[in-house]
Amino acid sequence: MRVISSQDERDLAAMCRSVLAADLEPDGKWKALASAGVLGLVVDGSLNDIGVFCVEAGRALCPRGVQSTLYAALAVDWLGVGSAWLPRLTSGEARGTYVLFNPRDASDVTPRLNVRRDGDAWRVNGSADYVADADRADVIVASTDAGIVAVDATANGVEVEPLPIMGGFGVFTVRLNDVLVNEPTPVDADALRRTVNAMVALDCLDLVGVGDAVIDRTVAYTTMREQFGRPIASFQAAQHVVADMHIALSAARLAALSATFWIGRGSTATRETAIARMRAADVKKITLDAHQLHGGMGYVVDTGLHLFSERARVLSTLGGGADVAAKWLDGKSTWAGAR
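Remember, it's a predicted structure, so these values are computed and weren't measured experimentally.

A word on the overall build of the protein chain. Helix and strand content of the protein chain: 13 helices and nine strands. Against the 2.2 N^0.38 benchmark of 20 Å for 339 residues, the protein chain shows a C-alpha radius of gyration of 20 Å, consistent with a compact globule. Projected onto its principal axes, the C-alpha positions of the protein chain cover 80 × 45 × 35 Å. The burial tally for the protein chain puts 50% of its 339 residues in the buried class. Considering only residue pairs separated by 6 or more positions, the protein chain has 73% of its internal contacts joining residues 24 or more positions apart. When the accessible surface of the protein chain is totalled, it reaches about 15,000 Å², and 51% of it is carbon and sulfur. Side chains of the protein chain give 33 positive and 40 negative charges; the mean places of these two sets differ by 5 Å.

How big an interface is tends to be stated in terms of the accessible area lost upon association of its parts. When its domains are assigned, the protein chain resolves into domain 1 (7-91), domain 2 (96-181) and domain 3 (189-331). Its C-alpha centre places domain 1 at a distance of 21 Å from the equivalent point of domain 3. Taken residue by residue, the interface counts 18 residues in domain 1 and 24 residues in domain 3. Together, the buried faces of domain 1 and domain 3 total about 1,800 Å²; carbon and sulfur atoms form 67% of this surface. It is Arg59, Leu61 and Trp78 in domain 1 that bury the most area against domain 3; as a group they hold 32% of the surface buried on that side. Summed over the shared surface of domain 1 and domain 3, the result is four salt bridges. With a shortest N-O distance of 2.7 Å, arginine 64 and aspartate 203 are connected by a salt bridge. Connecting domain 1 to domain 3 are six residue pairs in polar contact (both at pLDDT 80 or more). Elements with a minimum of two residues in the side of domain 1 that touches domain 3: helix H4 (47-60) and helix H5 (65-79). The element that contributes the greatest number of residues to the side of domain 1 that touches domain 3 is H4, accounting for nine residues.

Here we come to the pattern of salt bridges. With the rule as written, the count across this model stands at 15 salt bridges. Note that aspartate 118 is salt-bridged to arginine 123, the shortest N-O span being 2.9 Å. Overall, aspartate 118 belongs to the partly exposed group, its relative accessible area being 35%. A cluster of three or more residues bridged by salt bridges with shared partners is formed by Arg17, Glu56, Arg59, Asp212, Asp216 and Arg253.

By size, the foremost hydrophobic cluster in this structure holds 88 residues, and its most contacted members are Ile50, Phe53 and Leu100. For this core, the element with the most residues is helix H7 (residues 189-224), which contributes 16 residues. Discounting residues that sit within four places of it in the chain, leucine 100 has contacts with Ala75, Val109, Arg112, Val141, Ala142, Ser143, Ile148, Leu192, Val196 and Met199. Within the second largest apolar cluster, 19 residues are counted, among which are Val115, Ile140, Val158 and Val181.

Under the definition given, this model contains three aromatic pairs. For the ring pair phenylalanine 261 and tryptophan 262, a centre distance of 5.1 Å and an interplane angle of 90 degrees mean the geometry is edge-to-face. The structure contains a cluster of three or more aromatic residues connected by ring pairs, namely Tyr71, Tyr98 and Phe101.

The rules we used
- Residues numbered from 1 in each chain as written.
- Predicted model: local features only at pLDDT ≥ 70, side-chain atom pairs only at ≥ 80, totals over all residues.
- Heavy atoms only, no water.
- Helix = DSSP H or I, 4+ residues; strand = E, 2+ residues; numbered from the N terminus.
- Rg over C-alpha atoms; globule rule 2.2 N^0.38 Å.
- Buried < 20%, exposed > 50% of the residue type's maximum accessible area, 1.4 Å probe, protein only.
- Contact = heavy atoms within 4.5 Å.
- Areas by Shrake-Rupley, 256 points an atom, 1.4 Å probe, with all protein chains shown as cover.
- Lys, Arg positive; Asp, Glu negative; His and termini not counted.
- Charge placed at Lys NZ, Arg CZ, Asp CG, Glu CD.
- Domains from an automatic or database assignment.
- Buried area = accessible area lost by both parts, 1.4 Å probe.
- Salt bridge = Lys/Arg side-chain N within 4 Å of Asp/Glu carboxyl O.
- Polar contact = N/O pair within 3.5 Å; in protein donor to acceptor, adjacent residues only side chain to side chain.
- Core = buried A, V, L, I, M, F, W, Y, C linked by side-chain atoms within 4.5 Å.
- Phe/Tyr/Trp six-rings, centres within 6.5 Å; stacked < 30°, edge-to-face > 60°.

As structure tokens, then:
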């Protein structure tokens, strides 16, 4: 099912899958991924390479803290803010997260933090909800009314409060009270839009990985499970459902790859990102169809199938679902922006 265009990408996918399959505690997996150079893909690879990892991360239900750090490093690199953090983020020495868009609508990049000058210093105030992995972050890349800042998450005045959410996702309310930061970096609106679109497109590839894993599990189960003396997979009704799952996943994959392709080549690609988001939302239905073909057994925690459906639901909701993404379609077309 995977569409990988080069031997280098196939090798990268195999390496990521091997590391993610290792029986390691989360911190051990973090160190293994850092040692393998995954966190360094921001500077040593391409957006397509990061996308290859995101597919494998979705397949393996990799803790999202890895992607939060990758996205923070991407923002530091692309937006030219807090460059001293980049070597630490890409080596795994530090962890990061970001506050760059409305968690209910990723097209809304209106700053939710305020910055004021205090003599020779700058101080940030405000709060943001649904900030991923803020409890372990060393730096928060955030937009303010005066530009982008890199907030030291261990500084005085930073408060982090957990928010309840399904799927084991760690999201938090972050409050900043007169937190000292370096002078904000002014950022072009298109550069910020492109960075946010990249994060959304990469999350679509995570959803593709979720769909990959769920279809593999479903095919294996329906081939093994028998009803009326025959494998479930031999019944036409089950075959039709699995075929629809494959079709939906193929569309989601191609749309996400299109978005990352154009974003990686300098385009804002809002239209392509919107289409990718709308298609990736279908992975939720793929997981529900998988539960049905498991005879409802997938709803119990013993199988682990529920973990994939919860990840699909959360990732296709944060930043806006398909209905929200449909409103992005009047954005600038890639074909106009890339030439």
